[in-house]
Amino acid sequence: MGHYVPHTDEELVSMLEFIGLDSLDQLFECVPEALRLAQADFAVAPGLSEFDTAAEMERLARANRGSELICFAGAGAYDHDISSMVRRIGMRTEFVTAYTPYQPEVAQGVLQALFEYQTMVARLTGLEIANASLYDGATATVEGVNLAVAATGRSTVWLSDGLHRRWAEVVCTFAAGTGHRIETVPLSDGLTAWPEPGAEPPGAVVVQYPNRLGCLDDMTAAAKVARATGALLVVAFDPVAAGVLKSPGEWGADVAVGEGQPFGTPMSFGGPYLGLFAARLEHVRRVPGRIVGETVDLEGRRAYVTTLRTREQDIRREKASSNVCTNQTLIAVHCALQMSWLGKSGLRELGRRCAQGTRYTRDALLSIDGIEPLVGAPVLREFAVKLPVAPELVIDRLADEGFLAGVVTDDGAGTDGLLISVTERRTRTEIDAFVATMEKAIR
Amino acid sequence: MTSTISGGQATSIPMMGRDEEPTVFELSVPGRVAAQFRTTDVPALADSDLIPAEHLRAEPAELPEIGERDLVAHGTRLTHRQYSVDLGAYPLGSCTMKYNPKLCDEAAGLPGFAAVHPATPPAFTQGWLEMLGALGSVLCEITGMHDVTLAPPAGASGELTGLLLMRAWDEAQGRQRTKVVIPDSAHGTNPASVTLGGYETVTVPSDERGLVDVKALRDRLDEDVAGIMLTNPNTLGLFESDIVEIAAAVHEVGGLLYYDGANLNAILGVTRPGDMGFDIVHMNLHKTFAVPHGGGGPGAGPVAVSERLAEFLPGPLPVQGADGQWAWRTPARSIGRVHGWYGNALALARAYSYILVNGGDGLRRVAEGAVLNANWLRHRLRGTFDIPYDRPNMHEFVASATNIKKAHGVKAFDIAKGLLDEGFHAPTMYFPLIVAEALMIEPTETESLQTLEALAQAFERVAEIAAVGDDELATAPQNTPVGRVDEARAARQLIATYDMRPPG
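The structure displayed is predicted, hence computed values, not measured ones.

> Any chance you could break down the overall build of chain A for me, citing the residues and the numbers?
If you tally the helices and strands in chain A, you get 13 helices and 17 strands. Seen through its principal axes, chain A has C-alpha atoms that stretch 80 × 50 × 50 Å. Going through the 443 residues of chain A one by one, you find that 64% of them count as buried. Taking the intrachain contacts of chain A between residues at least 6 apart in sequence as the baseline, contacts between residues at least 24 apart amount to 75%.

Given below as structure tokens:
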């Protein structure tokens, strides 16, 4: 078993003596006797050695045959290459085992990394302010909605059905507490079909770009709807696509939210991921979570510190607009490292390569008799197809052949499809084999 | 002991660099490239052939242009300006900054865990589902609860999940309650979560013992109260010994009891929230179960519930079928998803490996070590600071610098900064709110007697410096990568990105 409590028997005796006790059990005399657990009643197996533990974890890891599938799945989680540099530097123990930077004089490393992260997220989104991270794309969307509702004083939310369904579910879950009225706006052939402004104007207009079917939604239309109704425009963006697409800020977004996993974080069975959050400067006092700011120390040297702290829950308590405390700092640091490594030209090249792989795969699949596009709108780095057999069946068949074929989706009007994503990791050989296998699997 | 050599004191801190580290943007040179891409042989196409003109970004985003070698040096130098558990003791009260076994890092980093797409069919993720199922079961055993969701990615997320479970329960009873009771010693996330859960916070005061004032609580309990949120041991490090009576009183009016697991480390294998009468329990795996804090996250905040609340849990949950195969299932009356996928899965894997390596016997020793260390340190510091609630505590205690402030005009804030110069991280300051000049100290079980002695001596030295009366601590720390940071200026002249810096 592990030896992470270092006291020797002699030390235990002397420490107990120092505090006037005879036994370790006496430490818990403040717990009513009826509540004290007999050791025999605590049914947790005895500890293992480090090496036996590692063997059990390896057994479980090996049972995940999915880790060896060639990945064509996306839908918010993507199979990108990560530089060794990100792992080596990002997993340095000072980043990994630090706490939230409450004492800035000994936390300049994390604080400066977050300041650089905020700057890069702001530049990528075309907005002025970014926070120091949220949990994931879905929960960042919730916070974006909350900001918009607070800023406008209107609790109706127009949510494009182009938002990932799982993200929309999370928005609805938390709306049960806040009382927001979530109105889902349907897609028509892959693009959001915004309604005419009605009696109850929305506080937030939420659109995903590219959307859950991979389509480039009509952002001019979304911005127009937001302006016409007086709502804030919340854009759920994909940071890889943002390397080649107009930024949320250029489209008129007031808030941009997104999933930061594609930059430096493995797919990890869904977490820990990274909620990206950026906004226009006028909303800074409603931004959730931590914000790192630059300042100086007593000698006038540049220094960093978490700032505008009076927004946060530990000071504002029940009047805080968000309850976020622990965030995803380490993942944000990894993201900052990967973004720095990709750099100005690399980010663009990454988006371009994903689009090239997607185009090549899509063209090949659509040349197969029986495979059709699910919707007609233009796509970038993932696309949905209609198959002659159930997509669940196709996924199972391709998994047996070594491919993760995609994620089941629908066009919003009841037609099931398969959403296929192609990253810069997929080689032509892999794609050709995937297409050939798919051709057999749909017969 | 008069002096000691300790593994937990970062005496080499003065060696850390005091020169400014340039930002990655200042280190950039136009045209410099670090990025590489694998060879794919996928046909290249021009942007204009791939992207409709109206969507195409005109100018690339201004990311850094830095070579890999310089970037690695930059990142490494940043880590030299950062304190961490692996450098020395971190007695931050309420944060449980224990040593994180390296075994857990390696276990979570196995490709069999890390390289799995979350939408992979369950037949290909049996190891993940089995691990999550086993972790859920052992967390239920540790807390004495019936069922659990592992999805909330942090403690505050767990709190809000718990409050939405309360709402769902209320609605299922055909009622709409409006208030949740919280002690005045509670963490700030509690009232913030209550508001987001759609309830109104009612504060109950602590009595002279530092515990919930049971009479005052009874005065606040009525048919509008959905429940109470309690941390036990509370944020003073004291066990709420009236908990059975409190639970009965809350249940009597039909309310639920919510357990904030921030301080669960103190009671592992000793007593269980379920046995105390709690209905909803969140755990901070990044505190109790050694998931490293990562500079502020990621954590994990699973929520366990009693049997009557299990049908409302967020989905999906891992369940094992009669055939031994694991699958996902969402409870019939689920409140819905609380995370885009299944929570912070790799953090969950770390926690599971930590529980395996410690086992039931080891977890009990964790609690014993944590409580012993905190009591020892309280006794050791009695002559140095006021101890407002000077009686047996659990994993942490709250000292007060009121004596030093009165005698020498030195605040808790300055004491904390002084401690940084001694090679230790400071305790939590000014919390809980009910103690003036609070220094909340949680040594954790992984610090040795030698480190505790060194920490005590460091506190004593700082108190001696305060007593000299020449205001030396007002400018502390001196030996850290930067000196005292001007926090007011950061808020007054907001510079939240490099682009917001004033020109020149």
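> With reference to specific residues and values, describe the overall build of chain B.
Along the backbone of chain B there are 15 helices and 12 strands. Dimensions of chain B, computed from C-alpha atoms along their principal axes, come out at roughly 75 × 70 × 45 Å. Long-range pairs, those at least 24 residues apart, make up 72% of the contacts in chain B with a sequence separation of at least 6.

> Lay out the pairing of strand S12 (residues 302–306) of chain A in plain terms, naming residues and giving numbers.
All names here are of chain A. Counting buried residues along S12, 4 of its 5 residues qualify, which places the element largely inside the surrounding structure. Alignment of strand S11 (residues 292–296) against S12, held across 5 bridges, turns out to be antiparallel. Bridge pairing in S12 places Val292 opposite Thr306. Counted along the chain from S11 to the antiparallel partner S12, the turn is 5 residues long, and its residue Gly300 has a positive phi close to 85°.

> So what's going on with helix H11 (residues 329–366) of chain A? Which residues, and what values?
Quick reminder: α-helices carry 3.6 residues per turn. Residues three or four places apart thus point the same way. Residues and elements named next belong to chain A. For H11, spanning 38 residues, the distance from its first C-alpha to its last is only 42 Å, which falls clearly below the expected 56 Å at 1.5 Å a residue. The sharpest bend along H11 reaches about 95° and sits at Gly343. Within H11, 34 of the 38 residues are buried, leaving the element largely enclosed by the surrounding structure.

> Would you mind going over the sheet that holds strand S4 (residues 181–185) of chain A in detail, with residue names and values included?
Residue and element names in this part refer to chain A. If you walk across this open sheet you meet the 7 strands as S2-S10-S9-S8-S7-S3-S4, and the pairing is mixed. Two strands lie at the open edges of the sheet, namely strand S2 (129–130) and S4, each paired on one side alone. Two strands pair when backbone bridges link them, and strand S3 (residues 156–160) and S4 are joined in this way by 5 bridges, in the parallel orientation. Counterpart to Leu159 in the pairing with S4 is Thr184. This element, helix H6 (residues 137–152), spans S3, strand S7 (204–209), strand S8 (232–237), strand S9 (255–259) and strand S10 (275–279) of the sheet and lies at about 165° to S9.

> Provide a residue-level description of unusual backbone geometry, including the pertinent values.
Residue Pro272 of chain A follows Gly271 of chain A across a cis peptide bond; omega there is 0°. The residue after Asn232 of chain B, namely Pro233 of chain B, is reached through a cis peptide bond having omega 0°. Within the element layout of this structure, Pro233 of chain B appears in the loop between strand S4 (225–231) and helix H9 (243–252). Even without being a glycine, Asp189 of chain A presents a positive backbone phi close to 55°. If you trace the backbone, Asp189 of chain A turns up in the loop between strand S5 (187–188) and strand S6 (191–192).

> So what's going on with the pairing of S10 of chain A? Which residues, and what values?
All names here are of chain A. When you tally the buried positions in S10, you get 5 out of 5 residues, the bulk of the element. Taking every second residue as pointing to the same face, both faces of S10 are buried, with Gly275, Phe277 and Ala279 on one and Leu276 and Ala278 on the other. Both S2 and S10 contribute to a ladder of 2 bridges, which runs antiparallel. Pairing of Ala130 across the sheet is with Ala278, part of S10. Strand direction decides the pairing type here: S9 and S10, joined by 5 bridges, are antiparallel. Within S10, the residue paired with Val255 across the bridge is Ala279.

> Could you give an account of the environment of Arg391 of chain B, with specific residues and numbers?
Following the sequence through the fold, Arg391 of chain B ends up in the loop between helix H11 (345–380) and strand S10 (397–400). A C-alpha to C-alpha distance of 9.1 Å links Arg391 of chain B and Arg378 of chain B, two positions 13 residues apart in sequence.

> How would you summarise the sheet that holds strand S14 (residues 382–386) of chain A if you had to cite specific residues and measurements?
All names here are of chain A. Taken in spatial order, the 4 strands of this open sheet run S13-S14-S17-S16, and their pairing is antiparallel. Each edge of the open sheet is held by one strand with a lone partner, namely strand S13 (372–373) and strand S16 (407–410). Judged from the 2 bridges that link them, S13 and S14 form a sheet pairing that is antiparallel. Within S14, the residue paired with Glu372 across the bridge is Lys386. Along the sheet, H11 contacts S13, S14 and strand S17 (416–421); its crossing angle with S14, the most-contacted strand, is approximately 10°. Against the sheet, helix H12 (residues 391–400) makes contact with S16 and S17, and its axis sits at roughly 40° relative to S17, the strand it touches most.

> Outline the nonpolar core, listing residues and values.
By size, the foremost hydrophobic cluster in this structure holds 318 residues, and its most contacted members are Ala204, Val205, Val206 and Val234 of chain A together with Ile280, Ala351 and Leu439 of chain B. No other element matches H11 of chain B, which puts 20 residues into this core.

> So what about the environment of Thr76 of chain B? Which residues, and what values?
By the element assignment, Thr76 of chain B lies in helix H2 (residues 68–79). Counting along the chain gives 249 residues from Thr76 of chain B to Gln325 of chain B, while the straight-line C-alpha distance between them is 45 Å.

> Quick one: what's the story with the packing of helix H13 (residues 412–421) of chain B against helix H14 (residues 449–468) of chain B, residue by residue and with numbers?
The geometry of a pair of packed helices is captured by two quantities: the angle between their axes and the separation between those axes. Residues and elements named next belong to chain B. Here H13 crosses H14 at 125°, and the two axes come no closer than 9 Å. Accordingly, the angle class assigned to the pair H13 and H14 is oblique. In this structure, H13 crosses over H14, and the sense of that crossing is right-handed. Two secondary-structure elements touch here, H13 through Ile415, Gly418 and Leu419 and H14 through Ala458, Phe459, Val462, Ile465 and Ala466. Residues that form the contact of H13 with H14 fall into these classes: 7 nonpolar, 1 polar and no charged.

Rules used in this analysis
Residues numbered from 1 in each chain as written. Chains lettered and ligands numbered in written order. Predicted model: local features only at pLDDT ≥ 70, side-chain atom pairs only at ≥ 80, totals over all residues. Helix = DSSP H or I, 4+ residues; strand = E, 2+ residues; numbered from the N terminus. Buried ≥ 20, exposed ≤ 12 C-beta atoms within 10 Å, placed from the backbone. Contact = placed C-beta atoms within 7 Å. Pairing = 2+ DSSP bridges. Expected span 1.5 Å × (residues − 1). Bend = angle between axes of the 7 residues up to and from the residue. Axes fitted to C-alpha atoms, helices over the stretch in contact; angles between N-to-C directions. Core = buried A, V, L, I, M, F, W, Y, C linked by C-beta atoms within 7 Å. Parallel < 35°, antiparallel > 145°, perpendicular 65-115°, else oblique. Left-handed = near helix turned anticlockwise from the far one by under 90°. Nonpolar A, V, L, I, M, F, W, Y, C, P; charged D, E, K, R; others polar.

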